[in-house]
Amino acid sequence: MNLGIISDQINLDLETAIQIIKEQGYETIEIHSIMNKPVECLTIPQAKQVKQLLDSYNIKVSNLATTIFFLCPLYEQDQVSLFNDSFHCIKGNIQQHLEALENACQIANILESPKLRIFPFRFPDNRKPPFGTQKDMEQISQYIKQACRIASKYNCELLLENCPYSHCPKGKMTYKLLQMCECDNLKLLWDPANSYRAIQNQVESQYLKEALLEECELIYPYIGHIHIKDYHYDSSQIKPFIHKPIYEGDIQFDEIFSYLKSKSYSYTLSLEPEVSFQESILCMKTLKEKV
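Before going into details, it helps to say that this report is about the structure given with it.

Each value, and the rule that gives it
Residues numbered from 1 in each chain as written. Predicted model: local features only at pLDDT ≥ 70, side-chain atom pairs only at ≥ 80, totals over all residues. Heavy atoms only, no water. Helix = DSSP H or I, 4+ residues; strand = E, 2+ residues; numbered from the N terminus. Buried < 20%, exposed > 50% of the residue type's maximum accessible area, 1.4 Å probe, protein only. Salt bridge = Lys/Arg side-chain N within 4 Å of Asp/Glu carboxyl O. Phe/Tyr/Trp six-rings, centres within 6.5 Å; stacked < 30°, edge-to-face > 60°. Lys NZ or Arg CZ within 6 Å of the ring centre and 35° of its normal. Pairing = 2+ DSSP bridges. Axes fitted to C-alpha atoms, helices over the stretch in contact; angles between N-to-C directions. Contact = heavy atoms within 4.5 Å.

**Focus: unusual backbone geometry**
Omega for the peptide link from Pro129 to Pro130 comes to 15 degrees, which places this bond in the cis form. In this fold, Pro130 is placed in the loop between β6 (115–118) and α4 (134–153). Its identity is not glycine, yet Asn58 carries a phi of approximately 55 degrees, on the positive side. Structurally, Asn58 can be placed in the loop between α2 (44–56) and β5 (60–68). Positive phi is not limited to glycine here, since Phe69 has a value of about 70 degrees. Secondary-structure assignment places Phe69 in the loop between β5 and α3 (94–110). Accessibility expressed as a relative area gives 0% for Phe69, which makes it buried.

Put into structure tokens, the structure is as follows:
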């Protein structure tokens, strides 16, 4: 398995992050935010500068962690807001997000990393759950099909992430979307901690049956990338899901990693620890020891 980390989880300055990542023996990064903006907002000259920097350190990019379709209303009446002001993210309507995707595909080709993360739309502030209903899925799938057509023009592949702030927090839900879309250049970005983090009363019960390992087994043939982070659930807290360094939270990574090894998983395990920079370095060391 190839090990990587999202660069801004180590340092907001890309070159500083790369230097630390190299010191830890990693050769692969994933890029979300850079130059204080989401990667899909880079200009072409800026992308070429980034490529020169990556080449100077012999660093490869596993994929671009774009924010396409995250802060984008699924329906015209939907109101969506950002959960964390420090999370660099594009805004706008469907057309604006599709235009950003086209720019991102050009950036991906410059960086020689034709994989791009997209989201199954932020759940709205002004509607009550459940989200990810059949109606929602049908609407989302139509927009993803448009995105896949754009990506195919650039020989790019889209990775659909299950996100706890979206209509599809569970891997089983993004798997259903993938089946509905029937696009050859669409795969899943599976985040087991996001599946664990999913707020149970916001999704329909049919998606809550599988444990994480069972979900992995179900969707494995369609996984193109995996994010690794950990949570501890504390019911006494207002926000009960607390980020922890990997192996210090509730996720049973050993059984997941064992299964991935048994299947000869060949894509990247990419750390997205969402903890302090120093704790992220600890996560890098731990992942190398465990995998």
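Resuming the write-up.
**Concerning the pattern of salt bridges**
As enumerated under the stated definition, the model contains ten salt bridges in all. Ionic pairing is found between Lys172 and Glu210, a salt bridge with its closest N-O pair at 3.1 Å. You can see Lys172 sitting in helix α5 (residues 171–181) and its partner Glu210 sitting in the loop between α6 (192–197) and α7 (212–219), a full 38 residues away along the chain. Among the residues examined, Lys172 registers a relative accessible area of 18% and is labelled buried. Exposure remark for Glu210: the relative accessible area of 23% places this residue in the partly exposed category. Between Asp191 and Lys229 there is a salt bridge; the shortest N-O distance is 2.5 Å. Of this pair, Asp191 sits in the loop between β8 (186–190) and α6 while Lys229 sits in the loop between β9 (223–228) and β10 (230–233), and the two are 38 residues apart along the sequence. Connected via shared salt-bridge partners are Lys51, Asp55 and Glu112.

**Structural notes on the packing of aromatic side chains**
Overall, the coordinates contain 14 aromatic pairs when judged by the stated rule. Where Tyr247 meets Phe253, the ring centres are 5.8 Å apart and the plane angle is 40 degrees; that geometry is what we call tilted. Judged by its relative accessible area of 1%, Phe253 is buried. Following the ring pairs from residue to residue traces out a cluster consisting of Tyr196, Tyr231, Tyr233 and Phe241. Arg122 extends its terminal NZ or CZ atom over the ring of Phe123, reaching a point 4.8 Å from the ring centre. Positioned over the ring face of Tyr247 is Lys290, at 4.7 Å from the centre of the ring.

**Considering the sheet that holds β9**
Read around the barrel, eight strands follow the order β1-β2-β5-β6-β7-β8-β9-β12 and close on themselves; strand pairing throughout is parallel. Recorded for the sheet is a direction-independent mean angle of 30 degrees between the axes of neighbouring strands. Sheet analysis places strand β1 (residues 2–6) next to strand β2 (residues 28–31), joined by three bridges and oriented parallel. Directly across from Ile5, in β2, lies its bridge partner Ile29. Set on the sheet, α5 makes contact with β7 (157–161) and β8; between it and β8 the angle comes to about 175 degrees.

**Examining the pairing of β9**
Summarising burial for β9: six of the six residues are buried, a large majority. Pairing of β8 with β9 involves three bridges; the strand directions are parallel. Residue pairing in the sheet places Trp190 in a bridge with Ile226 of β9.

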